[in-house]
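Structural description and commentary
Below are the chains, spelled out letter by letter.
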Amino acid sequence: MNAPTLPTTERGTHIALIFALVSERLAIHYEHGVWLTEAQGATLAADWLARSKRNLPLKLRKHLSALSDQIAKQIVTTTSRETGLIISHEMQESLDTRYESEIGQSIMVECERMLDEQPPEPAA
């Protein structure tokens, strides 16, 4: 998978990573019938960040991975397989900033809401 285009603000980066991880989790779930672990999601986020010479602490990456897991599982448990596949496809397409998608935008809002409700712990 291509790395998501990451915003310049820290908050925007966190939301974009959650979104991209939800997208990847859904794609893997529907294609292979498995779930990424929290650690696998955190590693994937690290790989994407490294492409733009950025990094985040492991604890924060795991937190963002866990949030993405909650959203992805919510989508899977509340939609039919066909609808989930459509959502997964739309999210993959939405990783290209030139692609406009109402589905992608609504999931991005959900990612933002989830981050607001469960913010990361402040760095010590």
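Below, the structure is looked at part by part. (Residues numbered from 1 in each chain as written. Predicted model: local features only at pLDDT ≥ 70, side-chain atom pairs only at ≥ 80, totals over all residues. Heavy atoms only, no water.)

**Thoughts on unusual backbone geometry**
The phi dihedral of Lys53 is positive, around 55°, even though this residue is not glycine. Inspection of the secondary structure puts Lys53 in the loop between α2 (38–51) and α3 (58–78). (Helix = DSSP H or I, 4+ residues; strand = E, 2+ residues; numbered from the N terminus.)

**Examining the packing of aromatic side chains**
Evaluated as defined, the whole model comprises zero aromatic pairs. Here Lys73 stacks its cationic end above the ring of Trp35, 5.4 Å away from the centre of that ring. (Phe/Tyr/Trp six-rings, centres within 6.5 Å; stacked < 30°, edge-to-face > 60°. Lys NZ or Arg CZ within 6 Å of the ring centre and 35° of its normal.)

**Examining α3**
The terminal C-alpha atoms of α3, which comprises 21 residues, lie 30 Å apart, in line with the 30 Å expected from a rise of 1.5 Å per residue. Considered for burial, the residues of α3 that qualify are Leu60, Arg61, His63, Leu64, Ser65, Leu67, Ser68, Asp69, Ile71, Ala72, Ile75 and Val76. Those residues of α3 that are buried lie in contact with α1 (10–32), α2, α4 (81–94) and α5 (102–117). (Expected span 1.5 Å × (residues − 1). Buried < 20%, exposed > 50% of the residue type's maximum accessible area, 1.4 Å probe, protein only. Contact = heavy atoms within 4.5 Å.)

**Quick look at the side chain of Ser101**
For Ser101, the location among the structural elements is in the loop between α4 and α5. Polar contacts involving the side chain of Ser101 include one to the side chain of Glu90, which spans 2.6 Å. A polar atom in the side chain of Ser101 sits 2.9 Å from the backbone nitrogen of Gly104. Beyond its immediate sequence surroundings of up to four residues, Ser101 is in contact with Glu90 and Ser94. (Polar contact = N/O pair within 3.5 Å; in protein donor to acceptor, adjacent residues only side chain to side chain.)

**Thoughts on the nonpolar core**
If you look at the biggest cluster of nonpolar residues, it comprises 30 residues, and the most contacted ones within it are Ile18, Val22, Leu26 and Cys111. Only α1, α2, α3, α4 and α5 provide two or more residues apiece to this core. Take this core: its biggest share by element is 10 residues, from α1. (Core = buried A, V, L, I, M, F, W, Y, C linked by side-chain atoms within 4.5 Å.)

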